[in-house]
Amino acid sequence: MVDDSFFIVKKCVRRAISSSSIDGVCAMLNHACNLLESDFRDVMFSKFRAGFPSGTLDMTQAYNLLQQGKLPTSSADSSAIKAAFLTTLNNAEVSSEYVITLKKTLEDQCTVLLPHASEQGRAKQESCLSDLAHVSNKFKDVLDYGLSQLNNSAIKPRIKPMVDAFLSANHNITEEEFSNYEANDPFVQNFIINLEQLLLSFKTSLTASNYDALVSLLTNEVVTTLEKAVMKSVFNRLGGLQFDKELRALVGYLTSVTQWTIRDKFARLTQMATILNLERVAEILDYWGPNSGPLTWRLTPAEVRTVLALRIDFRSEDIKRLKL
């Protein structure tokens, strides 16, 4: 659909350019922009509005299908809808890129085929061509909407149950338990396996860029949910060290599956791990304020105190006395 549509648009505008009429070229460009931005883009939006089925169709998804004159009857329908949704994501990304390529191609052709255009005519032509850049942004908006729908339906509901396992893992541990965790990790190994299975279900169906965008959205959900889980846990020094190891393994895995930079998303969790690894409450002052060096703290003073209070071996009086 995408290749054919842009081939037709390109051919029609090139014919208008060959007429050597600035008004004709602008009329065709305006018509092409309207078609791409309305009819063509609306087809993609309608696919995304139907939602991405996370399993069986929910009532909203079924209603949206009925509005489109379709009757969901089986799991085969659900699989077909999933495939169509992911294909539309790829089409939205490619369409945004194609519009920019089309704009550059037409600019070059106008320069060659309309060399004697007046200054006013050239300004009019450039204005019409610039509208194509706006159309590209419209397709990016569609893509962002589709990715958010995918995240809400297929990613977010799966992350919380995975992270809940962190709350079941003890982080107030003895030397013996810490050593045992080396061979029998209570959380992060299974967590990474589950994330890998989830991502693999999408990798072959998405373009590289869309897959990276999905990993970024998944990482956001992991970070947000894991922060909440950490705040509900208790730690001793060895538990803090165990959490630091778990976090490093998780960051290492997610870094390995995407071309995008995701370490910055873990800045708050990394700082939590640093706090939970302190030997003494006052040691935080070695990292805070004028001693922070190049480190930019993402945690507020109140949050630092809250994380310190998660250490069961730190006295609340010492935490309250801190001057942050």
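Residues numbered from 1 in each chain as written. Predicted model: local features only at pLDDT ≥ 70, side-chain atom pairs only at ≥ 80, totals over all residues. Heavy atoms only, no water.

1. Some remarks on the state of the cysteines
- Under the defined criterion, the tally for this structure stands at zero disulfides.
- Cysteine Cys26 is unpaired, with the sulfur of Cys128 as its nearest cysteine sulfur at 3.2 Å. (Disulfide = S-S within 2.5 Å.)

2. Remarks on the packing of aromatic side chains
- Within this structure, the stated rule accounts for 12 aromatic pairs.
- When the ring of Phe166 is compared with that of Phe243, the centres are 5.8 Å apart and the planes differ by 70°; the resulting orientation is edge-to-face. Placement of the pair is Phe166 in helix H5 (residues 119-168) and Phe243 in helix H9 (residues 237-256), with a sequence separation of 77 residues. Judged on exposure class, the residue Phe166 and its partner Phe243 are both buried. (Phe/Tyr/Trp six-rings, centres within 6.5 Å; stacked < 30°, edge-to-face > 60°. Helix = DSSP H or I, 4+ residues; strand = E, 2+ residues; numbered from the N terminus. Buried < 20%, exposed > 50% of the residue type's maximum accessible area, 1.4 Å probe, protein only.)

3. Quick notes on the packing of helix H6 (residues 175-183) against H9
- H9 packs onto H6 with a crossing angle of 15° between their chain directions and a minimal axis gap of 10 Å. One way to sum up the angle between H6 and H9 is to call them roughly parallel. In the crossing of H6 with H9, the sense of the turn from one axis to the other is right-handed. The residues of H9 that touch H6, namely those facing Glu175, Phe178, Tyr181 and Glu182, are Leu238, Leu241, Gln242 and Lys245.
- Residue classes in the contact of H6 with H9 are distributed as four nonpolar, one polar and three charged. (Axes fitted to C-alpha atoms, helices over the stretch in contact; angles between N-to-C directions. Parallel < 35°, antiparallel > 145°, perpendicular 65-115°, else oblique. Left-handed = near helix turned anticlockwise from the far one by under 90°. Contact = heavy atoms within 4.5 Å. Nonpolar A, V, L, I, M, F, W, Y, C, P; charged D, E, K, R; others polar.)

4. A short note on unusual backbone geometry
- Phi is positive for Ser20, close to 65°, though the residue is something other than glycine.
- With respect to the helices and strands, the residue Ser20 is situated in the loop between helix H1 (2-18) and helix H2 (22-49).

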